[in-house]
Amino acid sequence: ATTLGAAAAGVGRYFGTAVPAGKLGDAQYAGILDREFTMITPENEMKWDTTEPSRNHFNFGPADQIVSHANAHNQRMRGHTLVWHSQLPGWVSGINDANTLRSVMDNHITTEVTHYRGKIYAWDVVNEAFADDGSGQLRSSVFRNVLGTGFVEEAFRTAHAADPAAKLCYNDYSIEDWNSAKTQGVYKLVRDFKSRGVPIDCVGFQSHFGNGGPPSNFRTTLSNFAALGVDVQLTELDIASAPPTAYANTVKDCMSVSRCAGITVWGIRDSDSWRSGESPLLFDRNGNKKPAYNAVLTAL
Ligand code: XIL
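Residues numbered from 1 in each chain as written. Predicted model: local features only at pLDDT ≥ 70, side-chain atom pairs only at ≥ 80, totals over all residues. Heavy atoms only, no water.

**Q** What should I look at first to understand the side chain of Asp272 in this one?
**A** Mapped onto the fold, Asp272 is located in the loop between strand 9 (260-265) and helix 12 (291-299). Relative accessible area serves as the criterion here: at 8%, Asp272 is assigned to the buried category. Within the local environment of Asp272, its side chain forms a polar contact with the side chain of Lys23, the two groups lying 3.0 Å apart. When sequence neighbours within four positions are dropped, the list of residues in contact with Asp272 reads Lys23, Tyr29 and Glu43. (Helix = DSSP H or I, 4+ residues; strand = E, 2+ residues; numbered from the N terminus. Buried < 20%, exposed > 50% of the residue type's maximum accessible area, 1.4 Å probe, protein only. Polar contact = N/O pair within 3.5 Å; in protein donor to acceptor, adjacent residues only side chain to side chain. Contact = heavy atoms within 4.5 Å.)

**Q** Just to check I follow, could you spell out the pattern of salt bridges for this structure?
**A** Any two side chains of opposite charge can pair, on the condition that their charged atoms come close. Tallied over the entire structure, the rule returns 17 salt bridges. Note that Asp26 and Arg269 form a salt bridge whose closest N and O atoms lie 3.1 Å from each other. Taken together, the residues span a long stretch of sequence, with Asp26 in the loop between strand 1 (14-19) and helix 2 (27-36) and Arg269 in the loop between strand 9 and helix 12 at a distance of 243 residues. Arg269 sits in the buried class, given a relative accessible area of 6%. Among the ionic pairs, Asp272 bridges to Arg269, the shortest N-O distance being 2.9 Å. Accessibility classification places Asp272 together with Arg269 in one group, the buried group. The structure contains a network of salt bridges with shared partners spanning Lys23, Asp26, Arg269 and Asp272. (Salt bridge = Lys/Arg side-chain N within 4 Å of Asp/Glu carboxyl O.)

**Q** Even after reading the chapter, I still don't get the packing of helix 8 (residues 151-162) against helix 9 (residues 181-196), so can you show me in this structure?
**A** Here helix 8 crosses helix 9 at 50 degrees, and the two axes come no closer than 12 Å. Here helix 8 lies oblique to helix 9, going by the angle between them. The handedness of the crossing between helix 8 and helix 9 is right-handed. Residues Val152, Glu153, Phe156 and Arg157 of helix 8 pack against Leu189, Phe193 and Arg196 of helix 9. (Axes fitted to C-alpha atoms, helices over the stretch in contact; angles between N-to-C directions. Parallel < 35°, antiparallel > 145°, perpendicular 65-115°, else oblique. Left-handed = near helix turned anticlockwise from the far one by under 90°.)

**Q** Honestly, unusual backbone geometry in this entry has me stumped. Any pointers?
**A** Glycine aside, the phi torsion of most residues is negative, and most peptide linkages are trans. Residue Thr81 is reached from His80 by a cis peptide bond, and omega for that bond is 0 degrees. Along the chain, the position of Thr81 falls in strand 3 (residues 76-83). Positive phi, close to 50 degrees, is recorded for Ala242, a residue that is not glycine. Tracing the sequence through the fold places Ala242 in the loop between strand 8 (231-239) and helix 11 (244-255).

Following this line, the structure appears as structure tokens:
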């Protein structure tokens, strides 16, 4: 195969990227997007501050543009993200009454998932809920602090009711190393959900790596999660300075686990990246393939 999407399809996977609506009109950008990628994640357009900037006033216009582009080009969509402490409007983070916050969260999930019912391959239902402090517990957020730790289960059950066919993922960063408390915290959450029948289908490993690439036990982490009965996905891959070997190792880790459903890189050209100073992507600012591109294509 001569493109990332075709090579991934040849091994039963997808290859995706993050897309901001504002770049769809850039011909060079859209040309690469539609040639190489089979899955799209809106970079910001499905986040709470865009979709529900004030209570019960929903704005799906920017994300709808991306979904209609995907439909026109035979690309599938990852929905990102329903419940997250960041890019959260102040009217939500200021709620201190549990009954109010529960109904606000459930209404947000139900309305957004219903709007896109049938059009989303997988939703990042809850994003980055675990702490980085070595506790293996949920981080402080309005959701945990006002609703308690059960907000995660509530969010998954509510999303499932609104679109029973969409895969529902928990998504986080720094959960790639098996020997980290954060990874173990997420693992216990997924194990508990599976044992009690709480609807969860996948775990997203953001995979924002330094220039060394993934931890050596990343494939162990992926296979241990898959053994719980969930798909695993690499959802936001980027690697500082994009060493070809680091990218190849990451792809091989996914390929080593049959339930690793696909890989999404967090942007197309280095100039599109949220880490643009680190040149972490597969295409340079002129849209040319970097050495890491060829390493990925070969590893698929
Ligand atoms: C980033 C976007 O790339 C930026 O444009 C935005 O300013 C901040 O968010 N984890 C996530 C993504 O789950 O949504 C974040 O995306 C990167 C970190």
